[in-house]
Amino acid sequence: MRVIVIFMMALVLMYGDFLFAEFSPFNLGQLTVYTVPKLLLMFILLMSVYINPSISSFFAIVFGVLIDIYSGLVYGVHTFGMVAFVFFMHTAFRVFYKDFVAMGFVVLVLTFLYDAYVYMIYRILGLVTLPVFDYIALRGLPSLILNALLFIIVFIITLKTSKVRKNLLPKH
Amino acid sequence: MNKLLNRNKMLIILFGIIILIVFIGFSMTDRSSTTKAEQFTGDTVAASQSIIGAPVQFVSNIFSNVTGMFGAATENEALRAQLEMMPQMYADIERLEAENEKLRDALDVSAKRKYNTVNSRVISRSQDQWLNNFTIDKGENDGIEEGMAVMTPEGLIGTVKRVNGNSSFVEMITTSVSQNNLSVEIHNGDDTIYGAIDRYDSEKGLLVIDNIQNTATVEAGDPVFTSGLTGDFPEGLNVGEVVQVENDEYGLSQNAFIQLFSDPSEVDVVFVLERDPDSQVD
């Protein structure tokens, strides 16, 4: 039961990410500002803490493949990235003191680094030529602020999802 | 034990990186077909997205209808004025087409401009917002194939990269030109200058045609069309207009900077162009 609920929530959050692409980027004077939400990634990272790192890795592979095949130009970037970042989250969370602020900080830093990782791959392949400073100022930081706001919603969703029973019928 | 664990982790990471490189290599190759597994995955996600996205689309339509009402009267007047000219324009087009056909028959020249269109709607944009690629709601079942040109009402916007059963993934022209030079022609008065788009300058937001001879005259404002000489693109599709011309770094040739007519960030309805097989250049 819980796996189904997690799958459905992850699916909705993935489409939430797609939906944001309809409104972003926006122009601020002569500048084009990108706000890239990472609802699905934050959910998968939080799952590794509140539910199970193995389940989190499994969903990272499933949704990484879906995103790569459906909307990716370069296969493997999201699949590999999501699994690697679940691993980083698991490692980082063992080092940091386990409280809400530390966890929020780690998740937000990882969302920022995830986008930077995709940027780095595309830059190596010559698909994007955006300078590093422009990337940080016009994409990295605005996205970080947006994700900080969205983190609360994803955190609540993860908490609710983690409380769903594994089985429909209670064990006797 | 700890060392062994670390070694195992290292092996997994190395294996993952190798797989990533293999996948990147696979997706960057110039493939002419989409595998069944890709088609199935793409169609499943597209179908479920249409279901989940329907309520959002409904609300969005209500808002756009309400905001559209404000300028409706002025827009209506402008459209009415344009509409009055339509019968004359249609008559002119029919006359010119008939004349064109007769002249082609006389010269025994095939029409590189012939194509059929498939109307389509954009169902999703790339969620990582890097390359502005998008997915449309028409696929193999509607006659769409890889490599077909995709246009907005304003001009050329991209190429069909992958085709699923009922959806297709479109790569923006701003991304694809870096891999396969698009053959174009610049019209300067009565002169036609042929060239190939070399790259997309993301800082300026312009396409670049390089290696134009110094003797050729290219000026800002000159329109740019596809030439139909290579690939599946028909001849005469609107691409954009020249906004800047400058000499290359050695002064041996000119570079022309092209502003696309279509706006990559505002794509909603597109037309996929199926080129007439008789007109294709081998």
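In this text, all values refer to a predicted model and were calculated from it rather than measured experimentally.

What counts and what doesn't
- Residues numbered from 1 in each chain as written.
- Chains lettered and ligands numbered in written order.
- Predicted model: local features only at pLDDT ≥ 70, side-chain atom pairs only at ≥ 80, totals over all residues.
- Core = buried A, V, L, I, M, F, W, Y, C linked by C-beta atoms within 7 Å.
- Buried ≥ 20, exposed ≤ 12 C-beta atoms within 10 Å, placed from the backbone.
- Helix = DSSP H or I, 4+ residues; strand = E, 2+ residues; numbered from the N terminus.
- Contact = placed C-beta atoms within 7 Å.
- Pairing = 2+ DSSP bridges.
- Nonpolar A, V, L, I, M, F, W, Y, C, P; charged D, E, K, R; others polar.
- Axes fitted to C-alpha atoms, helices over the stretch in contact; angles between N-to-C directions.
- Expected span 1.5 Å × (residues − 1).
- Domains from an automatic or database assignment.
- Parallel < 35°, antiparallel > 145°, perpendicular 65-115°, else oblique.
- pLDDT = per-residue confidence, 0-100.
- Left-handed = near helix turned anticlockwise from the far one by under 90°.
- UniProt positions renumbered as here; feature names shortened; annotations may be inferred.

Concerning the nonpolar core
Judged by nonpolar contacts, the single largest core of 85 residues is most densely connected at Ala10, Leu40, Phe43, Ile44, Leu45 and Phe63 of chain A together with Val150 of chain B. With nine residues, the single largest contributor to this core is helix α2 (residues 39-50) of chain A. Not counting the four nearest positions on each side in its chain, phenylalanine 63 of chain A is found in contact with Ala10, Met14, Leu40 and Met82 of chain A.

Quick word on the pairing of strand β4 (residues 156-163) of chain B
Residues and elements named next belong to chain B. In terms of residue burial, β4 counts as a mostly covered element, since eight of its eight residues are buried. Hairpin connection of strand β3 (residues 149-151) to β4: four residues between the antiparallel strands. Pairing of β4 with strand β5 (residues 168-172), which is carried by five bridges, proceeds in the antiparallel orientation. Residue pairing across strands places threonine 159 opposite glutamate 171, the latter belonging to β5. Hairpin connection of β4 to β5: four residues between the antiparallel strands.

Overview of the interface of chain B and chain A
Note on interface size: it is often stated as the accessible area lost on association of the parts. Listed per partner, the contact involves 32 residues of chain B and 29 residues of chain A. Every element with two or more residues in the side of chain B that touches chain A is listed here: α1 (2-28), α2 (36-70) and β1 (115-125) of chain B. With nine residues, α2 of chain B is the single largest residue contributor to the side of chain B that touches chain A. Residues that form the side of chain B that touches chain A fall into these classes: eleven nonpolar, 17 polar and four charged.

Observations concerning the environment of phenylalanine 133 of chain A
All names here are of chain A. Tracing the backbone shows phenylalanine 133 in helix α6 (residues 132-162). What makes phenylalanine 133 exposed here is the crowd of 9 C-beta atoms within 10 Å. The sequence separation of phenylalanine 133 and valine 118 amounts to 15 residues, and the corresponding C-alpha distance is 16 Å.

Quick look at the sheet that holds strand β11 (residues 253-260) of chain B
Residue and element names in this part refer to chain B. Spatial strand order, β6-β7-β8-β11-β10-β9: six strands in a closed barrel with antiparallel pairing. Shown here is a sheet whose adjacent strand axes are inclined to one another by a mean of 45 degrees, direction ignored. Two elements, strand β7 (residues 191-201) and strand β8 (residues 206-213), share four bridges in a ladder whose sense is antiparallel. Looking at the pairing, aspartate 201 lines up with leucine 206 of β8.

Regarding the pairing of β5 of chain B
Burial of β5 of chain B is extensive: five of the five residues sit out of reach of the surface. Judged by which residues are buried, β5 of chain B turns out to be covered on both faces: Ser168, Val170 and Met172 of chain B on one side and Phe169 and Glu171 of chain B on the other are all buried.

Thoughts on α6 of chain A
All names here are of chain A. Over its 31 residues, α6 runs only 38 Å from end to end, short of the ideal 45 Å by more than 12%, given 1.5 Å per residue. Residues Arg139, Ser143, Asn147, Val154 and Thr158 constitute the buried set of α6. Packing partners of the buried residues in α6 comprise α2 and α5 (100-124).

Re the domain arrangement of chain B
As far as domains go, chain B holds domain 1 (33-70 + 115-282) and domain 2 (75-109). A straight line from the C-alpha centre of domain 1 of chain B to that of domain 2 of chain B covers 25 Å.

Some details on the packing of helix α1 (residues 2-20) of chain A against α2 of chain A
All names here are of chain A. In contact at an axis separation of 7 Å, α1 and α2 are set at 150 degrees when each is read in the N-to-C sense. Taken together, the axis directions place α1 and α2 in an arrangement best described as roughly antiparallel. Listed contacts from α2 to Ile6, Met9, Ala10, Leu13, Met14, Gly16 and Asp17 of α1 are Leu39, Leu40, Phe43 and Met47. Residue classes in the contact of α1 with α2 are distributed as nine nonpolar, one polar and one charged.

Here's the deal with the confidence of the model for chain B
Averaged over all residues, the pLDDT of chain B equals 81, while 89% of them reach at least 70. When pLDDT is averaged over each element of chain B, strand β2 (residues 134-136) of chain B comes out on top at 90 and helix α4 (residues 173-176) of chain B at the bottom at 77.

Description of the packing of α2 of chain A against α6 of chain A
Axis angle and axis distance: for two packed helices, these are the angle between their axes and the distance between the axes, and together they describe the pair. Residue and element names in this part refer to chain A. In contact at an axis separation of 9 Å, α2 and α6 are set at 45 degrees when each is read in the N-to-C sense. Here α2 lies oblique to α6, going by the angle between them. In this structure, α2 meets α6 at a crossing whose hand is right-handed. Here α2 contributes Leu39, Met42, Phe43, Leu46, Met47 and Tyr50 to the contact with α6, which in turn contributes Asn147, Leu150, Phe151, Val154, Phe155, Ile157, Thr158, Leu159 and Ser162. Grouping the constituent residues of the contact of α2 with α6 by class yields twelve nonpolar, three polar and no charged.

Looking at the UniProt feature "transmembrane region" (unreviewed entry) in chain A
Residue and element names in this part refer to chain A. Per the UniProt record, "transmembrane region" (unreviewed entry) is found at residues 31-51, 58-89, 95-114 and 144-162. Within residues 58-89, the helical portion is 84% and the strand portion 0%, while the C-alpha atoms at the span's ends are 15 Å from each other. A helix fraction of 100% and a strand fraction of 0% characterise residues 144-162, whose end C-alpha atoms lie 25 Å from each other.

Looking at unusual backbone geometry
Residues and elements named next belong to chain B. With a phi close to 55 degrees, glutamine 129 is a non-glycine residue in the positive phi region. Residue placement: glutamine 129 occurs in the loop between β1 and β2. Even without being glycine, asparagine 211 reaches a positive phi, approximately 55 degrees. Note on placement: asparagine 211 falls in strand β8. Asparagine 211 sits in the exposed class, given 12 other C-beta atoms within 10 Å.

A look at α2 of chain A
Residue and element names in this part refer to chain A. Counted at 1.5 Å a residue, the expected span for α2 with its twelve residues is 16 Å, and the 16 Å between its end C-alpha atoms agrees. Of all twelve residues in α2, ten are buried, a share of seventy percent or more. Every buried residue of α2 is listed here: Leu39, Leu40, Leu41, Met42, Phe43, Ile44, Leu45, Leu46, Met47 and Ser48. If you follow the buried residues of α2, they end up packed against α1, α3 (53-71), α4 (77-95), α5 and α6.

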